[in-house]
Amino acid sequence: MTIFTFHLAELRPATTARALWKAPTAPGLRYAECLALMRLGAPTVSPDRMQLRRMAMFARWEDEAAVVTFLADHPLGRELAAGWHVRMQFLRRWSRLAALPDLPARAGEWDPAEPVVAVTLARMRLLEVPRFLKWGKPVERLVRDHPGTTLALAAMRPPRTISTFSVWRSVQQMEEMVHGHSSGPEPDRHAAAMAERRRRDFHHEFATLRFRPLSEHGSWQGRSGIVPVVRHLGGQE
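Residues numbered from 1 in each chain as written. Predicted model: local features only at pLDDT ≥ 70, side-chain atom pairs only at ≥ 80, totals over all residues. Heavy atoms only, no water.

Draft legend 1. Focus on the packing of aromatic side chains. In total, this model carries ten aromatic pairs according to the counting rule given. Ring plane angle 40 degrees and centroid distance 6.3 Å describe the contact between Phe4 and Phe90, whose orientation is recorded as tilted. With Phe4 in strand β1 (residues 3–10) and Phe90 in strand β4 (residues 84–95), this residue pair connects regions lying 86 residues apart in the sequence. Here Phe4 matches Phe90 in class, with each residue buried. Arranged with centres 6.1 Å apart and planes meeting at 80 degrees, the rings of Tyr31 and Phe58 form a pair that is edge-to-face. (Phe/Tyr/Trp six-rings, centres within 6.5 Å; stacked < 30°, edge-to-face > 60°. Helix = DSSP H or I, 4+ residues; strand = E, 2+ residues; numbered from the N terminus. Buried < 20%, exposed > 50% of the residue type's maximum accessible area, 1.4 Å probe, protein only.)

Draft legend 2. Representation of the pattern of salt bridges in the model. By the definition in use, this model includes twelve salt bridges. Here Asp102 ties to Arg60 by a salt bridge, and the two come within 2.9 Å at their closest N and O atoms. Taken together, the residues span a long stretch of sequence, with Asp102 in the loop between β4 and β5 (116–124) and Arg60 in strand β3 (residues 51–61) at a distance of 42 residues. Of the residues examined, Asp102 reaches a relative accessible area of 45% and is grouped as partly exposed. Between Glu114 and Arg212 there is a salt bridge; the shortest N-O distance is 2.7 Å. Placement of the pair is Glu114 in the loop between β4 and β5 and Arg212 in strand β8 (residues 203–218), with a sequence separation of 98 residues. Across the pair, exposure class does not vary: Glu114 and Arg212 are buried alike. One salt-bridge network, in which partners are shared between bridges, spans Glu33, Arg123, Arg157 and Glu205. (Salt bridge = Lys/Arg side-chain N within 4 Å of Asp/Glu carboxyl O.)

Draft legend 3. Expanded view of unusual backbone geometry. In this structure, Pro159 follows Pro158 across a cis peptide bond, with omega equal to 5 degrees. Relative to the elements of secondary structure, Pro159 occurs in the loop between β6 (149–157) and β7 (161–168). Within the chain, Gln221 stands out as a residue other than glycine whose phi angle is a positive 50 degrees. Here Gln221 is to be found in the segment after β8.

Draft legend 4. Fine view of the nonpolar core. With 29 residues, the main nonpolar core has Phe6, Leu8, Phe58, Trp84, Leu151, Phe165 and Phe211 as its most contacted residues. Of all the secondary-structure elements, those providing two or more residues to this core are β1, β2 (29–38), β3, β4, β5, β6, β7 and β8. With four residues, β4 is the single largest residue contributor to this core. Setting aside anything within four residues of it in sequence, one finds Phe165 in contact with Phe6, Trp84, Val86, Val117, Ala118, Val119, Leu151, Ala152 and Leu153. Ala9, Leu20, Phe70 and Leu76 belong to the second-largest nonpolar core, a separate cluster that totals 20 residues. (Core = buried A, V, L, I, M, F, W, Y, C linked by side-chain atoms within 4.5 Å. Contact = heavy atoms within 4.5 Å.)

Draft legend 5. Region of the structure containing helix α2 (residues 64–73). Among the residues of α2, those classed as buried are Glu64, Ala66, Val67, Val68, Phe70 and Leu71. Next to the buried residues of α2 lie β1, β3, α3 (75–81), β4 and β8. Capping of α2 at its N-terminal end is provided by Asp63; its side-chain oxygen lies 3.3 Å from the backbone amide nitrogen of Ala65. (Polar contact = N/O pair within 3.5 Å; in protein donor to acceptor, adjacent residues only side chain to side chain.)

Draft legend 6. Summary view of the sheet that holds β5. The sheet built from eight strands closes into a barrel, its strands ordered β1-β3-β2-β6-β7-β5-β8-β4 with antiparallel pairing. On average, each strand axis in the sheet is inclined to that of its neighbour by 35 degrees, with strand direction left out of account. For β2 and β6, the ladder comprises three bridges, and the chain directions are antiparallel. Among the inter-strand pairings, Leu37 is bridged to a residue of β6, identified as Ala155. (Pairing = 2+ DSSP bridges. Axes fitted to C-alpha atoms, helices over the stretch in contact; angles between N-to-C directions.)

Next comes the structure, spelled out in structure tokens:
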């Protein structure tokens, strides 16, 4: 079964910079996107907007055995193994990425009460960045502060790739946020930003991807148990 992973690790800045410049290759690794973390809601001009000491990697694998081998044998994989990652099953996409051309719009069913992982990836139109920040930063704060998320962050790879990653207690809570039905102040921030994107796109390409978390491994900044429900595939840690 094709497996997706999302990794977080604290690395030397030089290691992150090399990975941003050239993503790793390895047997069974079909796609990898390496990014430097950003703190959701941080000021636009701030060290928190690009943290070279904290790296994320989003990846697609032929199977779980390829993940295990990469983490044990690849130089970058061994460093990522000291951090945290979640292994995931693809469920849903909106829009499309050239790097993942074969993903169907929908791949299976889900329970509204089950936990879910959301990943967005976008290639920015650089002249649209000021507009994107105006509409996007309120959404960052909405997701960051939402009681339905157990982890929410953003990441980037200069000059134009941005990503968000969030773990939700339930599909229902995530969908309520997307459609502006959450409790709390200004619940329509996400819906308003999506309407503005449809009016004039911020991106060359953009996709939102939904995943079922299968297992989580390691810890992130002293935290483990980030995924509300963990279901192991039967593979190794």
